[in-house]
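This is what each chain is made of:
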Amino acid sequence: MSKRILVTGGAGFLGSHLCDKLIAQGDDVICLDNYFTGAKDNVAHLVDHPRFERVRHDVIDPFKFEVDQIYNLACPASPPHYQYNAIKTVKTSVMGAINCLGLAKRLGARVFQASTSEVYGDPEVHPQPESYWGKVNPIGIRSCYDEGKRVAETLFMDYHRQNNVDIRIARIFNTYGPRMNPDDGRVVSNFIVQALRGEDITIYGDGTQTRSFCYVEDLLEGFVRLMNQDELTGPINIGNPCEFTMLELAELVLKQVGGTSKLVYKPLPGDDPKQRQPDISLAKKGLNWEPSVQLEEGLERTVNYFREKLAL
Ligand code: NAD
Ligand code: UDP
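Residues numbered from 1 in each chain as written. Chains lettered and ligands numbered in written order. Predicted model: local features only at pLDDT ≥ 70, side-chain atom pairs only at ≥ 80, totals over all residues. Heavy atoms only, no water.

Draft legend 1. Geometry of the overall build of the protein chain. Secondary structure assignment for the protein chain yields nine helices and 13 strands. At 19 Å, the protein chain has a C-alpha radius of gyration in line with the 20 Å of a compact globule built from 312 residues. Considered along the principal axes of its C-alpha atoms, the protein chain spans approximately 55 × 45 × 40 Å. When the 312 residues of the protein chain are sorted by exposure, 54% land in the buried category. For the protein chain, long-range pairs separated by at least 24 residues make up 81% of all intrachain contacts whose partners lie at least 6 apart in sequence. Of note, the protein chain has its 35 positive side-chain charges centred 3 Å away from the centre of its 41 negative side-chain charges. (Helix = DSSP H or I, 4+ residues; strand = E, 2+ residues; numbered from the N terminus. Rg over C-alpha atoms; globule rule 2.2 N^0.38 Å. Buried < 20%, exposed > 50% of the residue type's maximum accessible area, 1.4 Å probe, protein only. Contact = heavy atoms within 4.5 Å. Lys, Arg positive; Asp, Glu negative; His and termini not counted. Charge placed at Lys NZ, Arg CZ, Asp CG, Glu CD.)

Below you can see the structure in the form of structure tokens.
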């Protein structure tokens, strides 16, 4: 049966792909966004669709729509963007969660929180299972994002325990793909755009830190499976366990793009996690989900997107 669904942050990288997926499966979608890091362009192709609506609004202010489900994705996700106005980032995470949960409580709607592997901080347990509580600096430059997302998880669990709100929490690990903002500052878009422009590839630190990269299409399948089953609330890790150093990633990007870019080394930002890899046993068992697009293939699709977008 078709559902009415609110997607906050719907004009962002993940949000716009989610709007596409929900529209394709026959749902009615309201995309709410303040366009801080997202872009109207990302959903421009949906504007004339009869089951799609776009609303400019900030999640820190209350909102009201008659919907069956809410996906809460509104929050800047790249370190330069979430650090640009750290106080606003905390407000977005915390007030945004309260506003979504309040609405879900009134409507009896199911509500999804886009949480993050950052709740594990700079982890001492590897790979990270959902049972790990994390090692997070509460007062560093990443804290506005990490702690904001941790409080959001706390609020989701408390509304669930106290008010029986029907929640789902996904802990998202580094995800990449078409529609990432080229000036976003995240590593995959940075390396691809730099390689395409023939600029130096900026390696922060010595490049031995690791991340595990998930292609957007795989991630969204995980979201929708989590949202449309009745057993698990989460938190649940959604990501691709294939782990790479930033030097390996740079090599893969250069192999695909070709060109003359050289590696340059820049200082490692504060509190940058040394390693990150999801333990996805729970998603495999509970959602029958695992990623299928491996890094080389996903990078190829993303390189093609940026090549066209930047006309390079
Ligand atoms: P993004 O920056 O492309 O998208 C975020 C969207 O939220 C943008 O459209 C932005 O304009 C909007 N937004 C920001 N603040 C808002 C506010 N106060 N009110 C209304 N809209 C607001 O980032 P993304 O990669 O698409 O991330 C989406 C969500 O997934 C975020 O909550 C992020 O924390 C989470 N996440 C993403 C990743 C990843 O690797 N992409 C990893 C972990 C978690
Ligand atoms: N990084 C890098 N060069 C860049 C951008 C990022 O070496 O141009 C590194 C960054 O220091 C981190 C990793 O790549 O160790 C992933 O960074 P990103 O900002 O994509 O995500 P996060 O640190 O939030 O996982």
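Draft legend 2. Summary view of the packing of aromatic side chains. Tallying each qualifying case throughout the model produces ten aromatic pairs. With a centroid separation of 6.1 Å and an interplanar angle of 40°, the aromatic rings of tyrosine 120 and phenylalanine 173 are classed as tilted. Here the residue tyrosine 120 occupies a position in the loop between strand 5 (110-116) and helix 4 (143-163), and phenylalanine 173 occupies one in the loop between strand 6 (167-172) and strand 7 (175-176), the gap between them amounting to 53 residues. Taken individually, tyrosine 120 and phenylalanine 173 each receive the classification buried, so the pair is uniform in this respect. One aromatic cluster is present, built from ring pairs that chain together Tyr71, Phe112 and Phe223. (Phe/Tyr/Trp six-rings, centres within 6.5 Å; stacked < 30°, edge-to-face > 60°.)

Draft legend 3. Looking closely at the pattern of salt bridges. Tallied over the full model, the rule gives 21 salt bridges. For aspartate 58, the salt bridge goes to lysine 88, with nearest N and O atoms at 2.6 Å. Remark: lysine 88 occurs in helix 3 (residues 86-107) and aspartate 58 occurs in the loop between strand 3 (52-56) and strand 4 (69-72); sequence separation between them is 30 residues. For aspartate 58, a relative accessible area of 16% translates into the label buried. Looking at lysine 88, the relative accessible area reads 25%, which means it is partly exposed. Connected through shared salt-bridge partners, Glu118, Arg142, Arg211, Asp272 and Arg276 make up one network. (Salt bridge = Lys/Arg side-chain N within 4 Å of Asp/Glu carboxyl O.)

Draft legend 4. Looking closely at helix 1 (residues 13-24). The end-to-end C-alpha separation of helix 1 is 17 Å, in line with the 16 Å expected for twelve residues at 1.5 Å each. For helix 1, the full list of buried residues reads Phe13, Leu14, Gly15, Ser16, His17, Leu18, Cys19, Leu22 and Ile23. A positive phi of about 100° marks glycine 26, the residue just after helix 1. (Expected span 1.5 Å × (residues − 1).)

Draft legend 5. Local environment of unusual backbone geometry. With an omega of -10°, the peptide bond between histidine 126 and proline 127 qualifies as cis. Positionally, proline 127 belongs in the loop between strand 5 and helix 4. The amide bond that connects glycine 234 to the next residue, proline 235, takes the cis arrangement and shows omega of 5°. Note on placement: proline 235 falls in the loop between helix 6 (216-227) and strand 11 (236-238). Within the chain, tyrosine 35 stands out as a residue other than glycine whose phi angle is a positive 60°. Summarising the element assignment, tyrosine 35 is placed in the loop between strand 2 (28-33) and strand 3. Under the relative-accessibility criterion, tyrosine 35 is labelled buried at 16%. The phi dihedral of arginine 179 is positive, around 80°, even though this residue is not glycine. Within the secondary structure, arginine 179 is located in the loop between strand 7 and helix 5 (187-197).

Spatial relationships are all this shows, so hold off on functional conclusions.
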